[in-house]
Amino acid sequence: MKKKAAFLIGALFVLGGLIYLQIPSESHVEEEGELRTFSSEAELIEYLQEDDTRYADTAEAAGAVEEDAVEHAESDVPTEVSDGEETFRQVSGIQEPATAKLGDSLYYSPTVYRSEINTTVLETPELEIEENISEEGELILLDELLLVIGDGALTAYDLDSYGVEWRKDIGEYAEDGKDSRVVTTRAFEDRLFLLLDTSIDYDSPCPYVPMEGVRVPCYDIAYPGYSTEADRAYTALNLDFDGEVQEEASFVGDRSTEAYITENSVYVTYGQQEETSEIIMDFLLDYASIPSELEDRIVEIQGYDLSDRSVMIETERAITEKLTEEEMEDLEEEMEAYTEERKREVEETSIVRFDEDLEERYVVEVPGNVRDRMDLHERNGKLYGLTRISSHSALSHFSPFYDFFVIEEGEVEDYDEKFVDTRWSNTEVHEGKIFISRQETKIYGIEDRELLETLDLSSVSVHPLSEGFFVVGQNEDWETVLLRLDENLEEEHRKVIEDDRYRAGGEVQVDSSLGKAVITGHGRSFVANLTEEEFEVEKINASGRLSFITEDYIYIVGRGEVKAFDGELEEYSSFKVPEASLDEVERRRIEELEERDIAADVSEL
């Protein structure tokens, strides 16, 4: 038992050394409730250097982690693998980027290696090439423009001539040479929202140019009142459809920063954790019942001029040397009680709300972390969200769970502790209901969090209908199940697709007005008739990631092929991406690099 307890304490401190230097310092924590801006480049560099020190010590600590401690730490890490197209919650009136868009023509940017084309315009329904466009990337379709969001630029093409209306260089091709990328894009009725992520130059962090024509000085860069990892600078932009920037906001963050965008608001999240060493010392000196001899030794170690890692190693050695087997077991029990008391205090998320003009409106802190933007939902002027309470390296491991919060006018109006106890889940919010899917799906009311229904399905995709919901999920045998629920969440129809070749794996596209749903997959796809008493399902000999439904045709879009099916679901036409030779691929790459070098040279004149 002593060996087991010693391992527990050893993992506690060694892993503490690994995590400690990656998490925010308390030195920048001041009054809360608003973002601050840097007063000078020197202040920003000092802020970054503090984090840089943590990075350096992290590498040193990582080398000291024993293999069994690493395995212990990784036991709670999920292995989520997804090769599907990134999707977002659909918000009415907001268009999102994708590799294909359907308008008067079908606009398609294939994602296959050695493609002879970048983006092509296909006539519908014949799927014959109407025009080729030299850019590739995700697409947004406006009334008169096609926006191509590439790795190095945002380019707008006229839909009549397919000429370039305007172009904004992004990333390493911007005038200052820094690396930027587009995090997300949203098109509204009258404007384009863009969120850029730019790596920070620690020696000369500002001004920086995340996009052509946008120059951000130091005094415009905001931070959340405490130190973050701060390895990224984020820039939110509102552009009109002529490509002119109307408003902008810039702030430091890290790779965990999330952005949730609605028509009237932009929500940005910052995660922060209490330092591991502070948690450990608080536990040992202010909470645990340890012998005075050990307490004196820990205080003595704290007084030495040692690195944080060395302090932890010496403290671990003192614990294992001075505690008996029984005392080690008592310490473990006390740590479990301490964890129960403090598990909501060691990690929190700051949520910053900007209005449509990118003016900051409030900063609110909630316990835990917002795992991704799908855990946030704006409704009737309120922000509803789930926050995940996770194990901290300095606390005993416990099964993660979700709490629930409601924010209105910059105040936490409501907070439910341990709203749902689950480890990893998918979350969707629709029509005032929360669908939380793991091995089974639980449905809660968003206003009162009352459990309304439990479904025997996992990995669900939920789609509101004029009355009720259409749900696609998987049963315990991994078969695809189609389900229709009425407004009271009572099951009306159920259809099980038993053929292994027809498993949902791509997008679910629903058109309530036509009464059809298209479920794409990696093997085959299928169409469900939602107007039938029982779902009538017809299978389509096509795999894909995206689909489009019109009155007369259904289009299935894959990586390198597009197919059109008529009203009888017979294949009407198809387009297969022509393959380029390796010589052609290399030639195009060299030409692109030369064009960008020329553009960079011109910008310096």
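Here, the structure is the one placed above.
A quick note: this is a predicted structure, and the numbers were derived from the prediction, not measured.

Conventions we followed
Residues numbered from 1 in each chain as written. Predicted model: local features only at pLDDT ≥ 70, side-chain atom pairs only at ≥ 80, totals over all residues. Heavy atoms only, no water. Axes fitted to C-alpha atoms, helices over the stretch in contact; angles between N-to-C directions. Helix = DSSP H or I, 4+ residues; strand = E, 2+ residues; numbered from the N terminus. Parallel < 35°, antiparallel > 145°, perpendicular 65-115°, else oblique. Left-handed = near helix turned anticlockwise from the far one by under 90°. Contact = heavy atoms within 4.5 Å. Pairing = 2+ DSSP bridges. Buried < 20%, exposed > 50% of the residue type's maximum accessible area, 1.4 Å probe, protein only. Phe/Tyr/Trp six-rings, centres within 6.5 Å; stacked < 30°, edge-to-face > 60°. Lys NZ or Arg CZ within 6 Å of the ring centre and 35° of its normal. Disulfide = S-S within 2.5 Å. Expected span 1.5 Å × (residues − 1). Arc of directions from axis to C-beta. Patch = residues over 30% accessible without salt bridge, like charges linked within 9 Å, V, L, I, M, F, W, Y side chains within 5 Å. Areas by Shrake-Rupley, 256 points an atom, 1.4 Å probe, with all protein chains shown as cover. Salt bridge = Lys/Arg side-chain N within 4 Å of Asp/Glu carboxyl O. Lys, Arg positive; Asp, Glu negative; His and termini not counted. Charge placed at Lys NZ, Arg CZ, Asp CG, Glu CD. Core = buried A, V, L, I, M, F, W, Y, C linked by side-chain atoms within 4.5 Å.

A. Up close: the packing of helix H5 (residues 292-302) against helix H6 (residues 308-322). It is the contact of H5 with H6, at a shortest axis distance of 10 Å, that shows an interaxial angle of 165°. As far as their axial angle goes, H6 and H5 are roughly antiparallel. Viewed along their axes, H5 and H6 form a crossing whose handedness is right-handed. Facing Glu293, Leu294, Arg297, Ile298 and Ile301 of H5, the residues of H6 in contact are Val311, Glu314, Thr315, Ala318, Ile319 and Lys322.

B. View of the sheet that holds strand E5 (residues 129-133). An order of E2-E3-E4-E5 is seen for the four strands of this open sheet, with the pairing classed as antiparallel. The open sheet has two edge strands, strand E2 (100-102) and E5, and neither has a second partner. Pairwise comparison of adjacent strand axes, ignoring direction, gives a mean angle of 15° for this sheet. Alignment of E2 against strand E3 (residues 106-108), held across three bridges, turns out to be antiparallel. If you follow leucine 102 over to E3, its bridge partner there is leucine 106.

C. Broad picture of the side chain of asparagine 238. For asparagine 238, the location among the structural elements is in strand E15 (residues 232-239). Since its relative accessible area comes to 3%, asparagine 238 is described here as buried. Discounting chain neighbours no more than four positions away, the residues touching asparagine 238 are Arg191, Leu192, Phe193, Glu244, Val245, Gln246, Glu247, Glu356, Asp357 and Leu358.

D. View of the packing of aromatic side chains. By the definition in use, this model includes 18 aromatic pairs. Relative to tyrosine 338, the ring of phenylalanine 283 has its centre 5.2 Å away and its plane inclined at 55°; by these criteria the two rings are tilted. Here phenylalanine 283 is found in helix H4 (residues 276-287), whereas its partner tyrosine 338 is found in helix H7 (residues 325-342), with 55 residues between them in sequence. Between phenylalanine 404 and phenylalanine 419 the ring centres are 5.2 Å apart and the planes differ by 50°, which places this aromatic pair in the tilted class. Of the two residues, phenylalanine 404 sits in strand E23 (residues 401-408) while phenylalanine 419 sits in strand E24 (residues 411-420), which places them 15 residues apart along the sequence. The burial state of phenylalanine 404 is the same as that of phenylalanine 419; both residues are buried. Pairwise contacts between aromatic rings join Tyr234, Phe251, Tyr270 and Phe354 into one cluster. Here arginine 191 stacks its cationic end above the ring of phenylalanine 188, 4.3 Å away from the centre of that ring. Taking the ring centre of phenylalanine 401 as reference, the NZ or CZ of lysine 418 above it sits at 5.2 Å.

E. Quick peek at the state of the cysteines. Within the structure shown, the criterion is met by one disulfide. Note on cysteine connectivity: cysteine 206 is disulfide-linked to cysteine 218, with sulfurs 1.7 Å apart. Taking the torsion about the sulfur-sulfur bond, which here is approximately 75°, the covalent link between cysteine 206 and cysteine 218 counts as right-handed. Of the two residues, cysteine 206 sits in the loop between strand E11 (192-199) and strand E12 (208-211) while cysteine 218 sits in the loop between strand E13 (214-216) and strand E14 (221-223), which places them twelve residues apart along the sequence. One exposure class covers both cysteine 206 and cysteine 218, and it is buried.

F. How the structure looks around the pairing of strand E7 (residues 145-149). The element E7 is extensively covered by neighbouring structure, given that five of its five residues are classed as buried. The alternating pattern of E7 places Leu145, Leu147 and Ile149 and Leu146 and Val148 on opposite faces, both of which are buried. Judged from the four bridges that link them, strand E6 (residues 138-141) and E7 form a sheet pairing that is antiparallel. From the neighbouring strand, glutamate 138 faces E7, where its bridge partner is isoleucine 149.

G. Representation of the pairing of strand E34 (residues 516-521). Counting buried residues along E34, five of its six residues qualify, which places the element largely inside the surrounding structure. Bridge count between E34 and strand E35 (residues 525-529): four bridges; the pairing is antiparallel. Bridge pairing in E35 places alanine 517 opposite alanine 528.

H. Geometry of H6. In this model H6 runs 21 Å from its N-terminal to its C-terminal C-alpha over 15 residues, within 8% of the 21 Å that 1.5 Å per residue would give. Inspection of H6 places Val311, Met312, Thr315, Glu316, Ala318 and Ile319 among the buried residues, and these make up the whole buried set. Buried positions in H6, seen along its axis, are confined to an arc of 160° and lie on one side of it.

I. Representation of a negative patch on the surface within the structure. Taken together, the side chains of Asp143, Glu144, Asp160, Glu165, Glu189, Asp242, Glu244, Glu263, Glu356, Asp357 and Glu359 define an acidic patch exposed on the protein surface. Looking at the secondary structure, you find glutamate 359 in the loop between strand E19 (347-355) and strand E20 (360-367).

J. Structural context of the pattern of salt bridges. Counted under the stated rule, the structure contains 27 salt bridges. Measuring nitrogen to oxygen at the nearest pair gives 2.5 Å for the salt bridge that ties arginine 167 to glutamate 135. Of the two residues, arginine 167 is situated in strand E9 (residues 164-169) and glutamate 135 in the loop between E5 and E6; the sequence distance between them amounts to 32 residues. Overall, the relative accessible area of 33% leaves arginine 167 in the partly exposed class. The class for glutamate 135 is buried, based on a relative accessible area of 18%. We note a salt bridge from aspartate 456 to arginine 494, for which the minimum N-O separation is 3.0 Å.

K. The nonpolar core, seen in detail. Counting residues in hydrophobic clusters, the biggest one holds 32 residues, and the most contacted among them are Leu147, Leu154, Leu194, Met211, Ile221 and Val252. With near-sequence residues (within four places) excluded, leucine 147 lies in contact with Glu138, Leu139, Ile140, Leu142, Leu154, Thr155, Ala156, Trp166 and Leu192. Grouped together as the second largest cluster of nonpolar side chains are 21 residues, Ile280, Leu294, Leu323 and Met335 included.

Everything listed here is a matter of geometry and, on its own, says nothing about what the molecule does.
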